[in-house]
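# Structure assessment
Listed below are the residues making up each chain.
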Amino acid sequence: MPTALDDAPAVKAAGAPKPRRARRGRHRVALPYLLLLPAILLELLVHLIPMVAGLVMSFFKLTQFAIRDFSSAPAAGLDNYKFVLDFNSAAGKSLLGSFWITVLYTVLSVGFCWLFGTSAAVLMQKNFRGRGLLRTLFLVPYALPMYAAVITWSFMFQKDTGLVNDLLGTDSFWLIGDNSFWSLVVVSVWRNWPFAFLILMAGLQNIPGELYEAAAIDGAGWWRQFQAITQPMLRPVNQVLLLVLFLWTFNDFNTPYVLFGASAPKEASLISIHIYQSSFVTWNFGLGSAMSVLLLLFLLIVSTVYWGLTARRRNAVV
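Remember, it's a predicted structure, so these values are computed and weren't measured experimentally. (Residues numbered from 1 in each chain as written. Predicted model: local features only at pLDDT ≥ 70, side-chain atom pairs only at ≥ 80, totals over all residues. Heavy atoms only, no water.)

The subject of this paragraph is the layout of surface pockets. Empty space within the largest pocket amounts to approximately 960 Å³. Lining the largest pocket are 29 residues, with Pro50, Met51, Ile275, Ser292 and Val293 sitting closest to its centre. When residues of the lining of the largest pocket are traced back to their parent elements, those giving at least two are helix 2 (17-57), helix 12 (271-281) and helix 13 (285-317). When residues in the lining of the largest pocket are grouped by element, the largest group, 11 residues, is from helix 13. Its residues assigned to classes, the lining of the largest pocket shows 19 nonpolar, nine polar and one charged. Taken as a whole, the second largest pocket spans an internal volume of roughly 520 Å³. Around the second largest pocket, the lining comprises 17 residues; the ones closest to its centre are Val122, Leu123, Tyr212, Phe226 and Thr230. Within the residue set of the lining of the second largest pocket, elements represented by two or more residues are helix 4 (90-123), helix 9 (209-217) and helix 10 (222-250). (1 Å grid on protein atoms, 1.4 Å probe; cavity = no way out; pocket = protein on both sides within 12 Å on 5 of 7 lines; lining within 4 Å. Points joined across faces, edges and corners; volume = space filled by probe spheres on them. Helix = DSSP H or I, 4+ residues; strand = E, 2+ residues; numbered from the N terminus. Nonpolar A, V, L, I, M, F, W, Y, C, P; charged D, E, K, R; others polar.)

The structure is reproduced here in structure tokens:
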């Protein structure tokens, strides 16, 4: 007569695959995190660790006399921040001037990049001969290496041998004085507007063509279609695009540094160049680190407020 003990092997055999399935399930859960681990480690190495190091350096009087031994640098507490934020002093006025130049530069660059990118993306939605070639040409400034592109522009802006003066029939200085600011804006827009064009063109692909057909039947012209269909449908794309362009442009160091060198003209002295000069020209790394931390806080505040306002607007629309 069979007993419960006789059925035990069968029960074990039936339950044997379960631990294997459980292990397989755990492996599937852990696999995405393992794949992300190299990127996380690189992010820590390239961004977060230097960020923490800069934050620590901002609380010390770290100059060229203590650069070989950081531990010998005297503590500064909040003195570096107080010195930077004293807008009655020469250093504070200089930093504030660079800040406003950077704000104006960012507004103009981001505005023109968005305007040119939107116009080109809308025009490229129509089918016409040579559209593929024109799209490729539009993306060339963004595909070119940054240093090669900016160095080429620096040659074009030369007073005696530059192409810009030849085309305009002038004899102007473009890399010094008031014109240096506009030269910087031109180069920035030329490099970044294809990125806006690429993102907006991808966003336009997701707008159903039936909406435009229905609007055309109702008698809406192209401008009315742009206001009622294109802009509302592209709002989520524009929200991300404008923030990315703002962060890129406000932090831009490579363009002014390659175009003007370490000593940029006063009219084109962006805050990134100002921080570089405070850190690597005057060798006051503690002061430069304090400026960098303040810049980071400013960008975090602007980004947080921007996302809060856009999120509230999305919720209001819904």
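Ranked by internal contacts, the top residues of the largest apolar core, which has 40 residues, are Phe157, Leu184, Phe197, Leu245, Leu259 and Phe260. Secondary structure elements with two or more residues in this core: helix 4, helix 6 (146-156), helix 8 (179-204), helix 10 and helix 11 (254-260). Ranked by residues supplied to this core, first place goes to helix 8 with 12 residues. (Core = buried A, V, L, I, M, F, W, Y, C linked by side-chain atoms within 4.5 Å. Buried < 20%, exposed > 50% of the residue type's maximum accessible area, 1.4 Å probe, protein only.)

Turning our eyes to something else, we now look at the side chain of Ser154. Its location among the elements puts Ser154 in helix 6. Separated by 2.5 Å, the side chain of Ser154 and the backbone oxygen of Ile151 make a polar contact. (Polar contact = N/O pair within 3.5 Å; in protein donor to acceptor, adjacent residues only side chain to side chain.)

Looking at where Ala53 falls in the secondary structure, it is placed in helix 2. The spacing of Ala53 and Ser289 is 236 residues in sequence and 9.0 Å in space, taken between C-alpha atoms.

Looking now at the pattern of salt bridges. If you walk through the whole model with that rule in mind, you get two salt bridges. The closest approach of N and O atoms between Lys159 and Asp160, which form a salt bridge, is 3.5 Å. Lys159 is paired through a salt bridge with Asp171; the nearest N and O atoms lie 3.1 Å apart. Here the residue Lys159 occupies a position in the loop between helix 6 and helix 7 (163-168), and Asp171 occupies one in the loop between helix 7 and helix 8, the gap between them amounting to 12 residues. What you see here is one network of salt bridges that share partners, running through Lys159, Asp160 and Asp171. (Salt bridge = Lys/Arg side-chain N within 4 Å of Asp/Glu carboxyl O.)

One non-glycine residue, Trp283, lies in positive phi territory at about 60°. Residue placement: Trp283 occurs in the loop between helix 12 and helix 13. For Trp283, a relative accessible area of 40% translates into the label partly exposed.

If you walk through the whole model with that rule in mind, you get 25 aromatic pairs. Here the aromatic rings of Trp222 and Trp223 are separated by 5.7 Å at their centres, their planes lie at 75°, and the arrangement is edge-to-face. Ring geometry for Phe253 versus Tyr257: centroids 5.0 Å apart, planes at 25°, classification stacked. Taking relative accessible area as the criterion, Phe253 reaches 24% and is therefore assigned partly exposed. Counting every residue linked through ring pairs, the aromatic cluster contains Phe253, Tyr257, Tyr276, Phe280, Trp283 and Phe285. (Phe/Tyr/Trp six-rings, centres within 6.5 Å; stacked < 30°, edge-to-face > 60°.)

Those residues of helix 12 that fall on the buried side of the exposure criterion are Ile271, Ser272, Ile273, His274, Ile275, Ser278 and Ser279. A positive backbone phi angle near 60° is found at Trp283, which sits one or two residues after helix 12.

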